[in-house]
Amino acid sequence: MKSSINIPIDPLHILRKKKSLKRLLLQKSGLLKKRIAILGGSTTAEIRDILEIFLLEGGIEPEFYESDYNQYYKELAFDNDQLNRFAPDVIFIHTTGVNIQDYPSLSDTREDVQKKLDAELAVYNQLWDRSSAIYGCPIIQNNFENPFLRPLGNLDFSDYRGKTSYVRALNERIAAHAQENPNFYVHDIHHLSAWLGLERWFNRKDWYSYKYALAFECIPAFAQNLSAIIKAIFGKTKKALVLDLDNTLWGGVIGDDGPDLIKIGNDSAVGEAHSELQAYLRQLRDRGIMLTVSSKNDDQNAREGFNHPHTVLKFEDFAAFRANWEPKSENIKTIAIQVNIGIDSLVFLDDNPSERELVMQQLPEVTVPDVGDDIAKYASILDRSGLFEPINISNEDLNRARYYEANATRNEMQSKFLDYGKYLDSLEMCASILPFETKNLERITQLTNKTNQFNLTTRRYTNAEIEAITQNPNMISLTGHLKDKFGDSGLVSVVIATRRGHQVEIDLWLMSCRVLKRDMELAMFDALLARARLEGSTEVVSKYLPTKKNGMVADLYSHLGFENIKTLEDGETHWRFSIPSEAALLNSHIKVNHGQ
Amino acid sequence: MDSKTILGKIQSIVQDILDNESLNINEQTEATDVEGWDSLAHINIVSQIESEFVVRFSLDELARFSTVGKIIEAVQLKAS
């Protein structure tokens, strides 16, 4: 039996089989344990159970703390030893329309309504401030769905005394809070309830009988949407799409029909649907999701499709392009290596059910949505899946496509040099290596949660934890920013270390795969030693914690001249390095700036 | 639909939700007789029965579901 949840989801199947699904999903290896507090404004028991299924599927094993029914305020507003001991990694506040305290009345002036809004928000502000001060973890809260009853009819929307109008104002204030607080995330049930339909969303029976503020049948979609945020916080989202061409990116078979007769663009209904899908994919690419192609075609034919006058995607938009007659599973493995990400970060999109089945069998780590054969639904199925949920929109994401283009140019250059050192010199690399700066905290958090390969300990941090490090005088933090004559690679390396007496222990050392084999790690190590020396430390100690993905750095410490002091059964290694009193720099190809 | 068919389908639902394939129920079975059939499971079971037989129970009917037999009666009444 398959242990994974189909996409799109079958809500009734999940509700019915949740126990056996959980049993199967718990057998997965490498699950990340996280403590999640659910503080409800209505009953949350089933939400907890189904959320658990989606998190397990996404690689997170949750431990839950669940408040009693409608106790979210008490849990957060007062000292709470139990919650404190639980030490949540995430707090989810499950409030919905039923928790709105006071709607406007018809005799209210505009000022009265503003006061009611202020009062409503004051309660939440109190909870948010207290939670972030005491627990310091990310907070997720629902916004509000539209009211189910409209005593003012259609006027309910536009009149300032309308409930619908009031909910809109509340939601705007919640959005404003999220914009200002990177550790606060809105779970958008306003959208979800509209998508599912308010009539289905709220079932009076489930409310009167069991105090469920959303209908039982809607809980799986709710939990899926919520799990997407939690997975994004802990870096468990997908990074790239592997796309089929014929009858997926365009209608028809380009090898048979010819490049002019494929269906794309407004000339036909089918062509329009393919255009919509291409446009959606283009938007994913623009925010940093990599697009790649695996197609059974001659390479030349396949490329021709992107010269079509109505194509939205261009050949240059793809980070990898494999058009040949090899099995797709083989091409997908090659693509993963080429774009430097794990196979489990890939999503495969193909109209052909037998190709999907083959990939599922050969590469169970790849996510394969069951998109069916109706092209009109593909974009919506991807959109509902939450597979690519972004945690924020960083400049790094927006520029990612450009980094990969610059890398292609560098690779071309490299082939012209026989001496690798000379090639590195020819890049004219410049790095700035500095302690954490406030403007970079989000990017640093993002890197700690996304970097899997060049990562010695794979420790994940939240925004709040990264911020705390900058305040801690016993911790050393470094970020490395690299550019060269082909472009700016951005912030690509992070080191976090703790001083204990004469020792410095490396808690985290990671580097983006974008800058592998450029000696950036040597520059970072030089900088760490310089800092340690300045603090009077004489020794660096460190650990390598093996995962499925970080094999490339297993020997890093040995190469740097560390002494191996312990090797555990699971491959974990402990290292020691005596800091020489005189600095002898390891890096000789990158010009480094340590100043402001 | 005859009560035996309905019982069979309900049994399969209860087996799935409680993750117990060897569970047997009959018309006299009460929730309290069955390990794991607590209030949380009960909501899930009722909602799956509604979907399976394409029926919706009223609040009144829900309150009268003291035995599996009563549920079967309600399904027969609604689905016919």
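Further up the page is the structure itself.
Analysis parameters
Residues numbered from 1 in each chain as written. Chains lettered and ligands numbered in written order. Predicted model: local features only at pLDDT ≥ 70, side-chain atom pairs only at ≥ 80, totals over all residues. Heavy atoms only, no water. 1 Å grid on protein atoms, 1.4 Å probe; cavity = no way out; pocket = protein on both sides within 12 Å on 5 of 7 lines; lining within 4 Å. Points joined across faces, edges and corners; volume = space filled by probe spheres on them. Helix = DSSP H or I, 4+ residues; strand = E, 2+ residues; numbered from the N terminus. Nonpolar A, V, L, I, M, F, W, Y, C, P; charged D, E, K, R; others polar. Contact = heavy atoms within 4.5 Å. Buried area = accessible area lost by both parts, 1.4 Å probe. Salt bridge = Lys/Arg side-chain N within 4 Å of Asp/Glu carboxyl O. Polar contact = N/O pair within 3.5 Å; in protein donor to acceptor, adjacent residues only side chain to side chain. Core = buried A, V, L, I, M, F, W, Y, C linked by side-chain atoms within 4.5 Å. Buried < 20%, exposed > 50% of the residue type's maximum accessible area, 1.4 Å probe, protein only.

Chemist: I tried to follow the layout of surface pockets on my own but got confused; where do I start?
Modeler: Where empty space is left can be seen by rolling a probe of water-molecule size over the atoms. Residues and elements named next belong to chain A. In this structure, the largest pocket occupies an estimated 1600 Å³ of space. Lining of the largest pocket is provided by 50 residues; of these, K28, E57, G59, K238 and D344 occupy positions nearest its centre. Of all the elements in the fold, those that place two or more residues in the lining of the largest pocket are helix 3 (45-57), helix 12 (219-233) and helix 17 (353-362). Looking at the lining of the largest pocket residue by residue, the classes come out as 14 nonpolar, 21 polar and 15 charged. Here the second largest pocket defines a volume of roughly 1300 Å³. Around the second largest pocket sit 43 residues that line it, and D188, N225, I229, E389 and P390 are the ones nearest its centre. Residue assignment for the lining of the second largest pocket shows that the elements contributing at least two residues are helix 8 (163-180), strand 5 (184-187), helix 9 (189-196), helix 12, helix 14 (269-286) and helix 18 (378-385). A per-element tally of the lining of the second largest pocket places helix 18 first, with six residues. Of the residues contributing to the lining of the second largest pocket, the split by class is 24 nonpolar, ten polar and nine charged.

Chemist: Mind showing me how you'd approach empty space enclosed by the protein here?
Modeler: All names here are of chain A. Using the criterion set out here, one finds two cavities of 30 Å³ or more in the structure. Its boundaries defined by the atoms lining it, the largest cavity holds a volume of some 370 Å³. Looking at the largest cavity, it is lined by 27 residues, and the ones nearest its centre are A232, T237, I391, Q446 and K450. If you tally residues by element for the lining of the largest cavity, the top one is helix 21 (residues 441-450), at five residues.

Chemist: Would you explain the interface of chain B and chain A in this entry?
Modeler: Accessible area lost upon the coming together of the parts is a frequently used measure of interface size. Between chain B and chain A, the contact holds 19 residues from the first and 19 residues from the second. The contact between chain B and chain A buries some 1700 Å² in all, and 51% of this surface belongs to carbon and sulfur atoms. Between chain B and chain A we count six salt bridges in total. D19 of chain B is paired through a salt bridge with R23 of chain A; the nearest N and O atoms lie 2.8 Å apart. Connecting chain B to chain A are eleven residue pairs in polar contact (both at pLDDT 80 or more). Those elements giving two or more residues to the side of chain B that touches chain A turn out to be helix 1 (3-18), helix 2 (39-53) and helix 3 (59-63) of chain B. It is helix 2 of chain B that contributes the most residues to the side of chain B that touches chain A, eight residues altogether. Looking at the side of chain B that touches chain A, its residues break down into eight nonpolar, six polar and five charged.

Chemist: Would you take a moment to explain the nonpolar core for this structure?
Modeler: What tends to happen in soluble globular proteins is that the nonpolar side chains get buried as a cluster. Core analysis: the largest hydrophobic core is formed by 72 residues, its most contacted members being I140, W201, F222 and I230 of chain A together with I10, I49 and F57 of chain B. Residues within four places of I230 of chain A in sequence aside, it is in contact with I36, L51, L55, I60 and I140 of chain A. Judged by nonpolar contacts, the second largest core, of 40 residues, contains A431, V504, L528 and L529 of chain A.

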